[in-house]
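# Residue-level structural notes
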12 protein chains.
Amino acid sequence: MGKVLVIHGPNLNLLGMREVEIYGTTTLDEINENLRNRASAVGIELETFQSNHEGEIVEKIQGAAGDVDYIIINPAAFTHYSIAIRDAIASAGVPTIEIHLSNIYAREEFRQESVTAPVTIGQIQGFGPDGYYLSLEAAIRRLKR
Amino acid sequence: MGKVLVIHGPNLNLLGMREVEIYGTTTLDEINENLRNRASAVGIELETFQSNHEGEIVEKIQGAAGDVDYIIINPAAFTHYSIAIRDAIASAGVPTIEIHLSNIYAREEFRQESVTAPVTIGQIQGFGPDGYYLSLEAAIRRLKR
Amino acid sequence: MGKVLVIHGPNLNLLGMREVEIYGTTTLDEINENLRNRASAVGIELETFQSNHEGEIVEKIQGAAGDVDYIIINPAAFTHYSIAIRDAIASAGVPTIEIHLSNIYAREEFRQESVTAPVTIGQIQGFGPDGYYLSLEAAIRRLKR
Amino acid sequence: MGKVLVIHGPNLNLLGMREVEIYGTTTLDEINENLRNRASAVGIELETFQSNHEGEIVEKIQGAAGDVDYIIINPAAFTHYSIAIRDAIASAGVPTIEIHLSNIYAREEFRQESVTAPVTIGQIQGFGPDGYYLSLEAAIRRLKR
Amino acid sequence: MGKVLVIHGPNLNLLGMREVEIYGTTTLDEINENLRNRASAVGIELETFQSNHEGEIVEKIQGAAGDVDYIIINPAAFTHYSIAIRDAIASAGVPTIEIHLSNIYAREEFRQESVTAPVTIGQIQGFGPDGYYLSLEAAIRRLKR
Amino acid sequence: MGKVLVIHGPNLNLLGMREVEIYGTTTLDEINENLRNRASAVGIELETFQSNHEGEIVEKIQGAAGDVDYIIINPAAFTHYSIAIRDAIASAGVPTIEIHLSNIYAREEFRQESVTAPVTIGQIQGFGPDGYYLSLEAAIRRLKR
Amino acid sequence: MGKVLVIHGPNLNLLGMREVEIYGTTTLDEINENLRNRASAVGIELETFQSNHEGEIVEKIQGAAGDVDYIIINPAAFTHYSIAIRDAIASAGVPTIEIHLSNIYAREEFRQESVTAPVTIGQIQGFGPDGYYLSLEAAIRRLKR
Amino acid sequence: MGKVLVIHGPNLNLLGMREVEIYGTTTLDEINENLRNRASAVGIELETFQSNHEGEIVEKIQGAAGDVDYIIINPAAFTHYSIAIRDAIASAGVPTIEIHLSNIYAREEFRQESVTAPVTIGQIQGFGPDGYYLSLEAAIRRLKR
Amino acid sequence: MGKVLVIHGPNLNLLGMREVEIYGTTTLDEINENLRNRASAVGIELETFQSNHEGEIVEKIQGAAGDVDYIIINPAAFTHYSIAIRDAIASAGVPTIEIHLSNIYAREEFRQESVTAPVTIGQIQGFGPDGYYLSLEAAIRRLKR
Amino acid sequence: MGKVLVIHGPNLNLLGMREVEIYGTTTLDEINENLRNRASAVGIELETFQSNHEGEIVEKIQGAAGDVDYIIINPAAFTHYSIAIRDAIASAGVPTIEIHLSNIYAREEFRQESVTAPVTIGQIQGFGPDGYYLSLEAAIRRLKR
Amino acid sequence: MGKVLVIHGPNLNLLGMREVEIYGTTTLDEINENLRNRASAVGIELETFQSNHEGEIVEKIQGAAGDVDYIIINPAAFTHYSIAIRDAIASAGVPTIEIHLSNIYAREEFRQESVTAPVTIGQIQGFGPDGYYLSLEAAIRRLKR
Amino acid sequence: MGKVLVIHGPNLNLLGMREVEIYGTTTLDEINENLRNRASAVGIELETFQSNHEGEIVEKIQGAAGDVDYIIINPAAFTHYSIAIRDAIASAGVPTIEIHLSNIYAREEFRQESVTAPVTIGQIQGFGPDGYYLSLEAAIRRLKR
């Protein structure tokens, strides 16, 4: 039915292993596994990717152009300053969904600015790992039309 | 399985009838109908409410305390200045999900401030009417735990 | 020749009775009477409305859609924060003229911001009750074309 | 000896019932009862009023002109944005005392701005329910002169 | 019945000839002609003046002191920075009406600041060439009293 | 019943003698006398202290630790910049009430910032000399519990 | 002993004739006369110049290079925005003294910014016409060394 | 092949004669001479113009409409505040290139704002007199297409 | 003819001994000596005072009320934050002249804010020790009237 | 005659292939080819380099020290936040020219801040691919001296 | 080997006795004792000084000029506003090390501004009492060279 | 006794070789050598790491979790914007000391913001290479407890 690329930004490789009081105990592998299960159930190809390197994420997004139907991205720290990722999203032209585990409105003020959000379809934030599931649902609903 | 209250803020009663180039042609009745269908399918009681009056919304939220499991709210214009609604959400103590039809990061700058968001679980924005569906899914997933 | 709706915002019902050193001694009834006289002289239907409730003004504007040719509104205090009224004006699509009795540039700084002005045709401010007369003239000239 | 009107803003109807760790367990009824007792002891007529509707508070203030000697108001959330209530206080011309239960200087930054304060006699904040008692004392001392 | 001086600021000599999609096709000569007709019809002496030089406008305003009853000025670009013109208006003491063709609230943010407005009677903006006509009406109504 | 220390900040020694149009004609001695009378009537020990020296006020507050039940302080000019006094209040740990004679919200903007307020119980401002009386009442009510 | 050029900025030609409650009744001619008398008494050549045109002031300053020992300038309104005059002062290299009749710290906030001051020797402000006399004294003392 | 107008703003007539440590020793005449040589070599008509008067520059730009193919302008000090020149450029509709001798990013902060830049094709800054040569090359390359 | 009090703020006791490249080699004693000579020559009583203690300066100003005709003050570092000194000047009611040795507009940005200036007659800054002489002349000219 | 290094920042590898309505259809290869042709024509060695990785660009700049005469860099998104690249330019000490394809003054506000510009010779922006050619000309003119 | 002066600012005399959860239980005497031991071990003369009075600290710093090799200062609250202490440090010319017990970056925002830091050698902050030891080491290392 | 990881950020590999007037002539190798000597003398394992790549530093910090007792980091340019490094420090949970060679309070304003500092123990800045030695001492003192 389509192809979805899920990109996890810096430090998300530690998910579920550190700062569990904030981010919970679900690991990134478990999240990816759940997403893959859901995707295959509806006949969607799903690829996951994590990097702590801005340049690698930029190039992953560039590579998605013409190959992927939707990008789901949790830019993590890059959300707040990586104009390079913003430009990559705008340039690649693949419809993109932004997801955050925590409610960024309820944290430090600098986390409330998103340089990437204006070039995405929309954001889902605050729902923990469920946010990834909901992002995938958002993509599925659009692919189904 | 639980009860969900959906609150629509000011001017949303015109949805689907005016400014369709921005908000699409889906009407509020259609959205509510869809939500009710999905809710009944999973055994959830769902109530919908629209008001252009800040005070009425405040009191609707107050009344939900002890009666409702989750509130889904699109505060519309009130998002940006109604501290009364913010205080009502904090005071009622009912877990609340904020939803916006359009991507507020891609519109006027004043629409990027949300006084209500810090006291909610999270936000879903930019997905049009799908946002309501996703918000309900978020509530369902939490109710199921 | 057409229909004009005149909306007076909060506290304008006290006009001419209190703070006369600022706002003068003309009452709202006298203003409305003068407007009606001028309107009937040129064959225009004119309705006046005053409310201290934001929600009522929002709904009055919504109701004007498809029924009224021009709205003349003095949002008073709501000028500075009621995004709900702004959205109602944008949503109703009725061409709207904003009027202020006093010169808001010569008062407190917070009165110099108008959240409603960007979605109106234009503003007339500082001319006291004459401002209503001039607003009506502005509407008449446009209706005559 | 005179008449005092006590106005309670939005969400104060929940006082003592919710968020008791912040606002304590005294209910609004108990506060009102205490105020009435103190007032009758010194021969003052005292009326209390609570509303979650900005427009109703505006009109209550307007109605106090010429009838009430002092207004004691806890505008709650409206403190921070209701220019309509500010204008009503300025317009009605009844000397007004502003009271807050919590110390607004020790909370979120947006709670430190009061749009109503500049048109009042003064403020009493941070003393919990005692603040109402002290506000009434302030009025009594002025009435006695 | 009195004398009115109409001052047009920089680049208004191009009116109706360039950027017609913003400012329309009415030329400055046509506007002046219409104003003169209206003025003579009510027995008012009317002088028009256009300059791209700040200093010339300052001196025109100075010269109006004691000779002119009302000034109608469209300061155009000077609106936003010419404190010299502001001081000239304040110094000359001739009641002054500010007019803008476009709705400055709906344009670039820097156009929303007016350094001249605080020393004028009021402003009329957004009505295109009609704004001049309305400004003259405002002056006429005051001259008639 | 307890001990209260009243601290008057810089220039308050001139109270009642200069700028009487702003601060009234009551002298600091009269205020202190009234406070002492009220305190002794309810069995409270009350000490008053005035200084124009920040360091002396800091040390007076330090000395109150373990000796005084409540501090009532009018930091006057120091309100707006003396972080040293703020730190002394926080460090001494004696519950402190801040009082201002005038309504600081209705004066110059810099007077609306209080660096000391966040570490106090609350503030009473705008009631002139009555403010001291009300502050003492606030302390008495707390001591009585 | 040297040569001094005194430059008066826009609207100063009206000095002593308008807004006398702010600027007093001394005219510019009287000020110039007094300066000339003082200058000739100490053997200094003194030239005075007034203009409402920024460009003329720029060129007067340019022309002073190599010919004049000190410039005394009251830039009036240009103080706050004329970077062209600032650059002319810096470029001409003639030591320059800035003078203001009124105390600009006690007026509107925008008058407290001086774009010219950083490239002058110093400023004398608030002393009315005496300020010119003091500026000349400042120049004389430097010429005498 | 076309016609180019080169406009030099205020104080540039002093170029090469004063502040040589910043701007170098090349005079404006030498720059103009070099530009004319280069222009004639490629068959372009080139006119140069310098003025210290904002109004003259506005009118020079206005006059270029329909007559000139490209404007090269160094607005100098006017860069930072002359909205009149900005409006003239936008109004005239002649493609315009902005040039600065020094690197304005490495100087005072106020020099980093350009009110004219948004309505030009682009800017060349920091290359000293070479900047004019490069600006002409930019125009030539466009004329050649 | 009158009495003048000269107040030198913190660190001015080091004048002429340290940082001579900024402040020159004239010592405070020499400045005071010169002022006394000039004062006695015109029959004025002159007192000088230096303190590094804000409280002492506050009290010196308080003591001047009713005893001194003019205060000349160089608040030095206190210029930028001592609201206590500002209040003392306003409270004492003695006309006050502010003087700075260096041109504060040409130094660090925080030195360009003066909290004391709004309550003085005027300021003289940038002329080094001459500034004291000029300040005294300003006082003399006023005393002579 | 010398050596020039041309560095292209993130997403410029997509040039000419995506967002052609903004950036045109010229590819990076074509730009590099043109630059090489021009360079070899004048006997300059020219190397080109593109990277989406900030660290690689930092190291490329470091490596240029002592080897390259001029760097031409289009930092793209890094322009606005990469202080690391700024420090590399300052540290390497190779004279650097900054180039932008689009006019950054006419785009989003965040694109108007350049953290790299203050340490470069100058910038050329808005001329599309011509900007590279002009940058090379700027380097050539300097190499020729 | 040299002489070091250690200055402790306001409220540090309470160290170890109050707010121990923030500042720990080490007293100022213990810190001073430790510093003296370390100093005598390496042959350095060390003097300690604590004051709650800004003026005393200013004068202590002034007195150190020519007598002391290094000052170690914890300005405490004065860090954030005492320009008088800053000027004293700059004026005395004794190399100065700034130390803070807590990490000021992790506390209230106003604690992140240091007016004294720019005129010191450097800062050591966040290490509790160890910070004094490290500051002394920094001085020792420099004295040893 | 423990293990310490020293991380050097971008451009520090050039230390001692370029911009020696700012950073001195000590090379990074020499600093590392000195640190290793001191560490081995007290029985501490010390590893050093330099990278110009943000991602590599993020991963180095991640890898230190559970393996290293203290991190000493000079984030250099990344100090001011790398929220990814900040998050890595917070996530890894290894106590971290921030060090800067120069006094960042005495340089450009943007260097005074540290996004990493709030999640570290403390900072040592301004002491040049000594800062590393002092940071190690800070770690040693903590390891010894």
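Here is a short report on the structure shown in this document. (Residues numbered from 1 in each chain as written. Chains lettered and ligands numbered in written order. Predicted model: local features only at pLDDT ≥ 70, side-chain atom pairs only at ≥ 80, totals over all residues. Heavy atoms only, no water.)

## A closer look at the interface of chain C and chain E
Put simply, the test is: The contact criterion used is simple: two residues touch if any of their non-hydrogen atoms lie within 4.5 Å. The term buried area refers to how much accessible surface (probe radius 1.4 Å) is lost by two components on association, counted for both of them together. Note on definitions: salt bridges are taken to be side-chain nitrogens of Lys or Arg within 4 Å of carboxyl oxygens of Asp or Glu. Between N or O atoms, a polar contact is any pair within 3.5 Å; within protein, one atom must be a potential hydrogen donor and the other a potential acceptor, and residues adjacent in sequence are included only when both atoms are from side chains. Secondary structure elements follow DSSP: runs of H or I of four or more residues count as helices, runs of E of two or more count as strands, with numbering from the N terminus. In this classification, the charged set is Asp, Glu, Lys and Arg, the nonpolar set is Ala, Val, Leu, Ile, Met, Phe, Trp, Tyr, Cys and Pro, and all remaining amino acids, among them Gly, are polar. For two strands to count as paired, DSSP must find a minimum of two bridges between them.
Facing 25 residues of chain C, the contacting portion of chain E comprises 25 residues. Carbon and sulfur atoms supply 51% of the area buried between chain C and chain E, which totals about 2300 Å² over both sides. At the surface where chain C touches chain E, the tally comes to 4 salt bridges. The partner of E:Asp130 in a salt bridge is C:Arg141, and the shortest N-O contact between them spans 3.2 Å. Taken together, the links from chain C to chain E amount to 10 residue pairs in polar contact (both at pLDDT 80 or more). Elements that contribute at least two residues to the side of chain C that touches chain E include exactly strand S5 (122-125) and helix H5 (130-144) of chain C. Among the residues making up the side of chain C that touches chain E, the classes are represented as 12 nonpolar, 8 polar and 5 charged. In the sheet, S5(C) pairs with strand S5 (residues 122-125) of chain E via 3 bridges, with the strands oriented antiparallel. Bridged to C:Gln125 within S5(E) is E:Gln123.

## Notes on the pairing of strand S1 (residues 2-8) of chain H
Residue and element names in this part refer to chain H. Worth spelling out the cut-off: Each residue gets one of three labels from its accessible area relative to the maximum for its type: buried under 20%, exposed over 50%, partly exposed in between, using a 1.4 Å probe on protein chains only.
Among the 7 residues that make up S1, 6 are buried, leaving the element largely enclosed by the rest of the structure. Relative to strand S2 (residues 44-50), S1 runs parallel, the two being bridged by 7 bridges. Counterpart to Gly2 in the pairing with S2 is Ile44. With 5 bridges connecting them, S1 and strand S3 (residues 70-74) associate as parallel partners. Across the sheet, the residue bridging to Val6 is Ile72, located in S3.

## A word on the relation of the copies chain C and chain E
Keep this limit in mind: The copies were overlaid with a least-squares fit restricted to C-alpha atoms from residues scoring a pLDDT of at least 70 in each copy.
Its rotation angle being 180 degrees, the transformation that places chain C on chain E also includes 0.0 Å of axial translation and leaves an RMSD of 0.0 Å. As the rotation angle and translation indicate, the two copies are arranged about a two-fold axis. Closest approach to the rotation axis among the C-alpha atoms of chain C is made by C:Ile124, whose C-alpha sits 2.2 Å away.

## Things to note about the arrangement of the chains
The two units chain A and chain G are non-contacting; their minimal C-alpha-C-alpha distance is 30 Å. At the level of C-alpha atoms, the two units chain H and chain L stay apart, their nearest approach being 12 Å.

## Some thoughts on the packing of helix H3 (residues 54-64) of chain E against helix H4 (residues 83-92) of chain E
In helix packing, the relevant descriptors are the interaxial angle and the interaxial distance, both defined with respect to the helix axes. Residues and elements named next belong to chain E. As a reminder of what qualifies: Axes here mean lines fitted to C-alpha atoms, for a helix over just the part in contact, with angles spanning 0 to 180 degrees between N-to-C directions. Roughly parallel means an angle under 35 degrees; roughly antiparallel means over 145; roughly perpendicular covers 65 to 115; every other angle is labelled oblique.
In the contact formed by H3 and H4, the axes pass within 9 Å of each other and the chain directions differ by 5 degrees. As the angle between them shows, H3 and H4 are arranged roughly parallel. Of H4, the residues touching H3 (which contributes Glu54, Ile57, Val58 and Ile61) are Ala84, Ile85, Ala88, Ile89 and Ala92. For the contact of H3 with H4, a count of residues per class yields 8 nonpolar, no polar and 1 charged.

## Section: the pairing of strand S3 (residues 70-74) of chain D
If a strand is regular, its side chains alternate between the two faces of the sheet. Residue and element names in this part refer to chain D. Note the following rule: Seen with its strands pointing away from the viewer, a crossover is right-handed if its path from the first strand over the helix to the second goes clockwise.
Most of S3 is tucked away: 5 of the 5 residues are buried. The side-chain alternation of S3 yields two buried faces, one formed by Tyr70, Ile72 and Asn74 and the other by Ile71 and Ile73. Of the strand pairs in this sheet, S3 and strand S4 (residues 96-100) are connected by 3 bridges, and their pairing is parallel. Residue Ile71 lies in a different strand from S4, and its bridge partner there is Thr96. For the segment spanning S3, helix H4 (residues 83-92) and S4, crossover handedness is right-handed.

## A short note on a negative patch on the surface
Note the threshold: Residues enter patches when their relative accessible area tops 30% and they take part in no salt bridge; the joining distance is 9 Å for like charges and 5 Å for the nonpolar side chains Val, Leu, Ile, Met, Phe, Trp and Tyr. Calculation of accessible area relied on Shrake-Rupley with a 1.4 Å probe; when residues are assessed, cover is drawn exclusively from the protein chains displayed. Counted charges follow a simple rule, with Lys and Arg positive, Asp and Glu negative, and His plus the chain ends left uncounted. Where a charge lies is defined by one atom per residue type, namely NZ (Lys), CZ (Arg), CG (Asp) and CD (Glu).
On the surface, a cluster of negative charge is made up of A:Glu56, A:Glu59, J:Glu56, J:Glu59, L:Glu56 and L:Glu59. Among the secondary structure elements, L:Glu59 is positioned in helix H3 (residues 54-64). Classification of L:Glu59 by relative accessible area gives partly exposed; the value is 34%.

## What to know about the relation of the copies chain H and chain J
Superposing chain H onto chain J takes a rotation of 180 degrees plus a shift of 0.0 Å along the axis, which leaves an RMSD of 0.0 Å. With an isologous cut-off of 70% or more, the 100% of interface residues of chain H that recur at the interface of chain J puts this contact in the isologous class.

## With respect to the packing of helix H2 (residues 28-41) of chain L against helix H5 (residues 130-144) of chain L
Residues and elements named next belong to chain L. Threshold: Here is the rule for handedness: rotate from the far helix to the near one, and if that takes an anticlockwise turn smaller than a right angle the crossing is left-handed, while a clockwise turn gives right-handed.
Axis separation between H2 and H5 bottoms out at 10 Å; the angle between their running directions is 25 degrees. Considering the angle they form, H2 stands roughly parallel to H5. Relative to H5, the crossing made by H2 is right-handed. Contacts from Ile31, Leu35, Arg38 and Ala39 in H2 reach Tyr132, Tyr133, Leu136, Glu137 and Ile140 in H5.

## Side note on helix H5 (residues 130-144) of chain G
Residue and element names in this part refer to chain G. Definition in use: Helix span is expected to be 1.5 Å times the residue number reduced by one.
With 15 residues, H5 extends 21 Å between its outermost C-alpha atoms, agreeing within 8% with the 21 Å of an ideal straight helix rising 1.5 Å per residue. Burial analysis of H5 places 12 of its 15 residues in the buried class, the great majority of the element. Listed in full, the buried residues belonging to H5 are Asp130, Gly131, Tyr132, Tyr133, Leu134, Ser135, Leu136, Glu137, Ala138, Ala139, Ile140 and Leu143.

## Details of the pattern of salt bridges
Under the defined criterion, the tally for this structure stands at 127 salt bridges over all chains. Note that C:Arg36 and C:Glu33 form a salt bridge whose closest N and O atoms lie 3.9 Å from each other. Of the two residues, C:Arg36 and C:Glu33 both sit in helix H2 (residues 28-41), 3 residues apart, roughly one turn of that helix. Linked by salt bridges that have partners in common, A:Arg86, A:Asp87, J:Arg107, J:Glu108 and J:Arg111 make up one network.

## Re the sheet that holds strand S4 (residues 96-100) of chain C
Read across the open sheet, the 10 strands follow the order S2(C)-S1(C)-S3(C)-S4(C)-S5(C)-S5(E)-S4(E)-S3(E)-S1(E)-S2(E); overall the sheet is mixed. Single-partner strands in this sheet number two, and they are strand S2 (44-50) of chain C together with strand S2 (44-50) of chain E. Averaged over neighbouring strand pairs, the angle between their axes works out to 20 degrees when direction is ignored. As judged from the 4 bridges shared by S4(C) and S5(C), these two strands associate in the parallel manner. Following the sheet pairing, C:His100 is matched in S5(C) by C:Gln125. Contacts between helix H3 (residues 54-64) of chain C and the sheet are confined to strand S1 (2-8), S2 and strand S3 (70-74) of chain C, with S1(C) contributing the most and set at about 170 degrees to the helix. The sheet strands contacting helix H2 (residues 28-41) of chain E are strand S1 (2-8) and S2 of chain E, and the helix crosses S2(E) at an angle near 165 degrees.

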